[in-house]
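# Observations on the model geometry
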There are 2 protein chains.
Amino acid sequence: MATSMLMDSEPNVIPPISRRPLLSVAVTDALRGKIESAVWVPGARVPTEKDLSAQLNVSRATVREALTRLKHEGYVYSVQGKGAFVADKPGLNTFRVDQLLSENPIDSAHIFELRSLVEQNCAALAAERRSVTNLREMKRALKKMVCEQKNGGLGLEADIAFHRSIADATGNPILARFADFVGKHTREYLQVVRLSALKSAHRLDDIEREHMEIIEAIEARKPEAARKAVSRHLENGTPHPDLRRLPL
Amino acid sequence: MATSMLMDSEPNVIPPISRRPLLSVAVTDALRGKIESAVWVPGARVPTEKDLSAQLNVSRATVREALTRLKHEGYVYSVQGKGAFVADKPGLNTFRVDQLLSENPIDSAHIFELRSLVEQNCAALAAERRSVTNLREMKRALKKMVCEQKNGGLGLEADIAFHRSIADATGNPILARFADFVGKHTREYLQVVRLSALKSAHRLDDIEREHMEIIEAIEARKPEAARKAVSRHLENGTPHPDLRRLPL
DNA sequence: AAGGTATTGTTGTCAGACAACCTGACTAAT
DNA sequence: ATTAGTCAGGTTGTCTGACAACAATACCTT
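Okay, so let's go over this structure.

Cut-offs and rules
- Residues numbered from 1 in each chain as written.
- Chains lettered and ligands numbered in written order.
- Predicted model: local features only at pLDDT ≥ 70, side-chain atom pairs only at ≥ 80, totals over all residues.
- Heavy atoms only, no water.
- Near = heavy atom within 4 Å.
- Polar contact = N/O pair within 3.5 Å; in protein donor to acceptor, adjacent residues only side chain to side chain.
- Helix = DSSP H or I, 4+ residues; strand = E, 2+ residues; numbered from the N terminus.
- Nonpolar A, V, L, I, M, F, W, Y, C, P; charged D, E, K, R; others polar.
- Buried < 20%, exposed > 50% of the residue type's maximum accessible area, 1.4 Å probe, protein only.
- Pairing = 2+ DSSP bridges.

## Thoughts on the protein's contact with DNA strand C
For DNA strand C, the set of nearby residues contains 27 residues, the closest of which are A:L23, A:S59, A:T62, B:R60 and B:R64. Within 4 Å of the protein, atoms of DNA strand C come from sugar and phosphate in 74% of cases. A distance of 3.1 Å is found between a phosphate oxygen of DNA strand C and a backbone nitrogen or oxygen belonging to B:E49. One nitrogen or oxygen atom from the side chain of B:S78 is found 3.0 Å from a phosphate oxygen belonging to DNA strand C. Elements with a contribution of two residues or more to the surface near DNA strand C: helix 2 (23-36) and helix 4 (60-73) of chain A together with helix 4 (60-73), strand 2 (76-79) and strand 3 (83-86) of chain B. A breakdown of the residues in the surface near DNA strand C according to their chemical character gives six nonpolar, eleven polar and ten charged.

## Structural notes on the environment of A:L22
Residue and element names in this part refer to chain A. Relative to the assigned elements, L22 resides in the loop between helix 1 (2-9) and helix 2. Overall, the relative accessible area of 40% leaves L22 in the partly exposed class. C-alpha of L22 to C-alpha of K50: the two residues are 28 residues apart in sequence and 20 Å apart in space.

## Structural notes on the sheet that holds strand 3 (residues 83-86) of chain A
Residues and elements named next belong to chain A. With respect to topology, three strands assemble into an open sheet ordered 1-3-2, the strand pairing being antiparallel. The open sheet terminates on both sides in strands that have one partner only, identified here as strand 1 (45-46) and strand 2 (76-79). Across four bridges, strand 2 lies against strand 3 in antiparallel orientation. By the bridge assignment, V76 is partnered in strand 3 with V86.

And the structure:
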């Protein structure tokens, strides 16, 4: 009983450890392969579900499950009564970052680098385009974060809000969404580091100062200064292997 | 007969015009809403397929189709015999760019900007890290592209290979993949522009020179020069509204 | 009490059917 | 002859029911 409770309440440990390869996944890969290898070209008709289930010797339900995934990935689309067709830009409407984190530290570093680039550019663009409203929002988030941290909290939400306010100031919603996407991927990884780092009141002052420098650069409309401020901030806060010193 | 042929051979124009909202899509949205609104928290168990089909008054097949999509989006995962569970970082393993292009020119400009940022940074990083092999690859691709264009071709593939060789030189595969993702989204849009631009032999020389400047900066290990060379190159080649001059 | 077994529940797969919809051919009316 | 309407066949979307594979628990035998 105790063990079972433990198993169930075990907090999100096991990412879907692959058991045996699911049939539907195999079918998905097979069909996607047909498209990626250009055997089926954009606009062409995909064989009917019945044909596929006959050819692959699986049930139509399994074929449908595979097609559902491919539709969602943007490889094919279907019209009721007509059939399924290969999409114009197969597979290029989604950018996936799957089981990369926490497996290989190198991969983590790669994502960190992507985040760093994105946030540096966000800050630079924000410095060019920010409105007074944007600026107010940044300051509000920073104040909240500092307040929370001085009360012993992590201030993680406020930190996210801070970076988001910078991304919003670029006026580019797609860029902002991507910053969000990359940011959330990395921040979780940082949480534990942050906790220990925050024990030092010294580092806490550093963080506040680093954020202030970012805001000041954006307020003064100095893109390069903003970029460098973000770069410094992230380098200080992210203890990941330095890619520049790794063999490539 | 003639009309039907025309309809069929019409080259990939109409994205799947939404007919009536599919049931499975409605279910997908409903379930995703439960997760995004934090009614179902990460790690929690999702109701069984049977329960869901009873509650929503749809068949289990439809529920499964919805769950298939959500699994693929990274909102949930399932284990045979146990059940389905909300993922740790719901929905954050995919970055989607859906029906944005060619509908709204502003959106196109936003993606162009993202591409420009990514490629500038790729070039800058490449300037720091490129190997001689990388450099050789860039030159090879450029030579091929120029050759094709002088023979009246577009040299699109070679152009893609050129930019990819720069992305590869960063040594960051995730960044390279993202550059590929964004690049292919924008390049198709450019194709028609390029065609007319290439008619001018003058512009053709420009393009070659611009590419050469990029390579030279990377060869000389000058990150900022490489960044600016890419920036110039993209600004010359992309006739999109300048975001800096748009009201924000 | 411990270990093996049966039972129950859940997801994965299969099979068949009907509904909604598209296409093309055929028919009938003008 | 042209046009409109109807019908038939094919395809995807949804429904129903069943079995297989697997996990967890309850039970039973030793």
